[in-house]
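# Descriptive analysis of the structure
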Amino acid sequence: MRAVIHHQFGEPADVLGIEEVETPTPGPGEVRLRVTLSPIHNHDLWTVRGTYGFKPELPARAGTEAVGIVDAVGDGVSLEIGQRVATGGTFGVWAEYVIAPAAGLIPVSDALSDEVAAQLVAMPFSAISLLHSLDLKAGDWIVQNTANGAVGRMVAQIAKARGIHVIGLVRRQSAVAELAEQGIDNIVSTDADDWRDTALALADGAKIVAGVDSVGGPAAGQVLSLLSENGTLVIFGSMGAGKLELSAGDIIFRQATVKGFWGSVVSKTMDADTRGALFGELSRYLADGTVTLPVAATFGLDDIVDAVTASDSPRVGKVLLRP
């Protein structure tokens, strides 16, 4: 079978390639999936660069989320061959086949397309888990940057359904119109000189209780500067910045709390009842169109260099791989 592999850490377009490897056999409690579609996430690319919280041994495969068909099962597995399932925590899914623990797979409804099912777990569940962790109530105001990113769009859509107001920051004016076409409003482009006044005017004096930063660098300080007293700044990602540029005055005089959020750890430590309730809510939003999962482009494995290049470029929606 074919799989995407890298022998050194570096820029994905420079180090990723396709190799022929042995088709794996599932052990007890495992299944073999024939991968149908897999999205390219930012954390997948950070892993290839060697800059993520998880650093695999080399040579390494890549990719962490996919939808596929159960192709073979090990002992003690109740899933059926031919069943369509999604996985959001299996490493190495950018391949024709992958082995996954059966307990972590999610059966996919016929009502969901492969394009939606391929993105079901990682980003949507991170978005709804993030909102859950902030203990927000209807009427609250929050602010986030990278509002045009996958998680940013879903946070805005889920929050709106819950009656929570979101101010979204983007770095180019054209993104404001792009998001408006998807029904996402309260977007401010930070390339305008008066962006901060514009953002605060949207809240019209209401407290902005939390902010989400997915960029790092000075962008984290921009989010912090909008928070009200006793607000919470959540660091969701860094977009390669590596460091946060935060004003000591903003932290002290706003009595702000700064904390991190790592979706994979939150998901693993969440109790089963809460996880089930959030997945149920998320499934309803996907079914009725409240949450949308657009696709920017789809590439074959042989076009992995073009695929990761497209994923690193401005876009609306995910780039998908189809083995």
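Details of the structure are given in the entry above.
One structure accompanies this document, and this report is about it. (Residues numbered from 1 in each chain as written. Predicted model: local features only at pLDDT ≥ 70, side-chain atom pairs only at ≥ 80, totals over all residues. Heavy atoms only, no water.)

This paragraph deals with the overall build of the chain. Secondary structure summary: the chain contains twelve helices and 16 strands in total. Compactness check: the chain gives a C-alpha radius of gyration of 20 Å against a globular reference of 20 Å for 323 residues, within 12% of the reference. The principal-axis extents of the C-alpha atoms in the chain amount to approximately 60 × 40 × 35 Å. Pairs at least 24 residues apart make up 67% of the contacts formed inside the chain by residues separated by at least 6 positions. Approximately 14200 Å² of the chain is accessible, and the part contributed by carbon and sulfur atoms is 50%. Charged side chains of the chain number 24 positive and 38 negative; the gap between the two group centres comes to 3 Å. (Helix = DSSP H or I, 4+ residues; strand = E, 2+ residues; numbered from the N terminus. Rg over C-alpha atoms; globule rule 2.2 N^0.38 Å. Contact = heavy atoms within 4.5 Å. Areas by Shrake-Rupley, 256 points an atom, 1.4 Å probe, with all protein chains shown as cover. Lys, Arg positive; Asp, Glu negative; His and termini not counted. Charge placed at Lys NZ, Arg CZ, Asp CG, Glu CD.)

As a further point, take the sheet that holds strand β9 (residues 141-144). Strand order in the open sheet formed by six strands is β11-β10-β9-β12-β13-β14, and the pairing between neighbours is parallel. The sheet is open, and its two edges are formed by β11 (187-189) and β14 (257-260), each paired on a single side. The average angle at which neighbouring strand axes cross in this sheet is 20°, direction not considered. Pairing of strand β10 (residues 165-170) with β11 involves three bridges; the strand directions are parallel. (Pairing = 2+ DSSP bridges. Axes fitted to C-alpha atoms, helices over the stretch in contact; angles between N-to-C directions.)

The antiparallel open sheet is built from three strands, whose spatial order is β2-β1-β4. Since the sheet does not close on itself, it has two edges, and those belong to β2 (17-20) and β4 (60-61), each with one partner.

The biggest cluster of nonpolar side chains holds 41 residues, and the ones touching the most others in it are Leu 131, Ile 142, Met 154, Val 155, Ile 158, Leu 286 and Val 291. Here the element with the most residues in this core is helix α4 (residues 122-133); it accounts for seven residues. In this view, Ile 142 contacts Leu 131, Leu 136, Val 155, His 165, Val 166, Ile 167, Ile 208, Val 209 and Ala 210; residues no more than four positions away in its chain are not counted. Counting 27 residues, the second largest nonpolar core, distinct from the first, contains Ile 40, Ala 62, Trp 94 and Ala 307. (Core = buried A, V, L, I, M, F, W, Y, C linked by side-chain atoms within 4.5 Å. Buried < 20%, exposed > 50% of the residue type's maximum accessible area, 1.4 Å probe, protein only.)

Where α4 meets helix α5 (residues 150-161), the axes come as close as 9 Å, and the angle between the chain directions of the two elements is 50°. Considered as vectors, α4 and α5 are oriented oblique to each other. Crossing of α4 over α5 shows right-handed handedness. From α4, Met 123, Pro 124, Ala 127, Ile 128, Leu 130 and Leu 131 reach across to α5, where they touch Ala 150, Val 151, Met 154, Val 155, Ile 158 and Ala 159. Partitioning the contact of α4 with α5 into residue classes produces twelve nonpolar, no polar and no charged. (Parallel < 35°, antiparallel > 145°, perpendicular 65-115°, else oblique. Left-handed = near helix turned anticlockwise from the far one by under 90°. Nonpolar A, V, L, I, M, F, W, Y, C, P; charged D, E, K, R; others polar.)

Glancing now at unusual backbone geometry. Along the chain, Leu 58 connects to Pro 59 via a cis peptide bond; the corresponding omega equals -10°. Considering the arrangement of structural elements, one finds Pro 59 in the loop between α2 (42-49) and β4. Of note, the phi angle at Thr 146 is positive, near 45°, even though the residue is not glycine. Relative to the assigned elements, Thr 146 resides in the loop between β9 and α5. Its relative accessible area of 17% is what places Thr 146 among the buried residues. With a phi close to 60°, Asn 186 is a non-glycine residue in the positive phi region. With respect to the secondary-structure elements, Asn 186 resides in the loop between α6 (174-180) and β11.

So, about the side chain of Ser 129. In this structure, Ser 129 sits in helix α4. A relative accessible area of 3% means that Ser 129 is categorised as buried. Sequence-distant contacts of Ser 129, that is, excluding residues within four places in its chain, are made with Phe 261, Val 266, Met 270 and Leu 278.

With that out of the way, let us pick up α2. Within α2, seven of the eight residues are buried, which leaves the element mostly enclosed by the surrounding structure. When we look at burial in α2, the residues that qualify are His 43, Asp 44, Leu 45, Trp 46, Thr 47, Val 48 and Arg 49. Following α2 by one or two positions, Gly 50 has its phi on the positive side, about 85°.

Further remarks concern the packing of α4 against helix α11 (residues 272-288). Following both chains from N to C, one finds α4 and α11 inclined at 115°, their axes separated by 10 Å at the closest point. For the pair α4 and α11, the crossing hand works out as right-handed. Residues Pro 124, Phe 125, Ile 128, Ser 129 and His 132 of α4 form the contact with α11, whose participating residues are Thr 274, Arg 275, Leu 278, Phe 279, Glu 281 and Leu 282.

Summed over the entire model, instances satisfying the criterion amount to five aromatic pairs. A ring pair is formed by Phe 54 and Phe 91, whose centres lie 5.1 Å apart and whose planes are at 75°; its orientation type is edge-to-face. With Phe 54 in the loop between α2 and β4 and Phe 91 in the loop between β6 (84-87) and β7 (97-101), this residue pair connects regions lying 37 residues apart in the sequence. Aromatic pair Phe 236 and Phe 261: ring centres 5.8 Å apart, planes at 20°, arrangement stacked. Here Phe 261 lies in the loop between β14 and α10 (263-269) and Phe 236 lies in the loop between β13 (232-235) and α9 (248-253), a separation of 25 residues in the sequence. The structure contains a cluster of three or more aromatic residues connected by ring pairs, namely Trp 46, Tyr 52 and Trp 262. Geometry around Tyr 97 places Arg 32 over its ring, the cationic atom sitting 5.7 Å from the centre. Sitting over the face of the ring of Phe 9, Lys 55 holds its NZ or CZ atom 5.0 Å from the ring centroid. (Phe/Tyr/Trp six-rings, centres within 6.5 Å; stacked < 30°, edge-to-face > 60°. Lys NZ or Arg CZ within 6 Å of the ring centre and 35° of its normal.)

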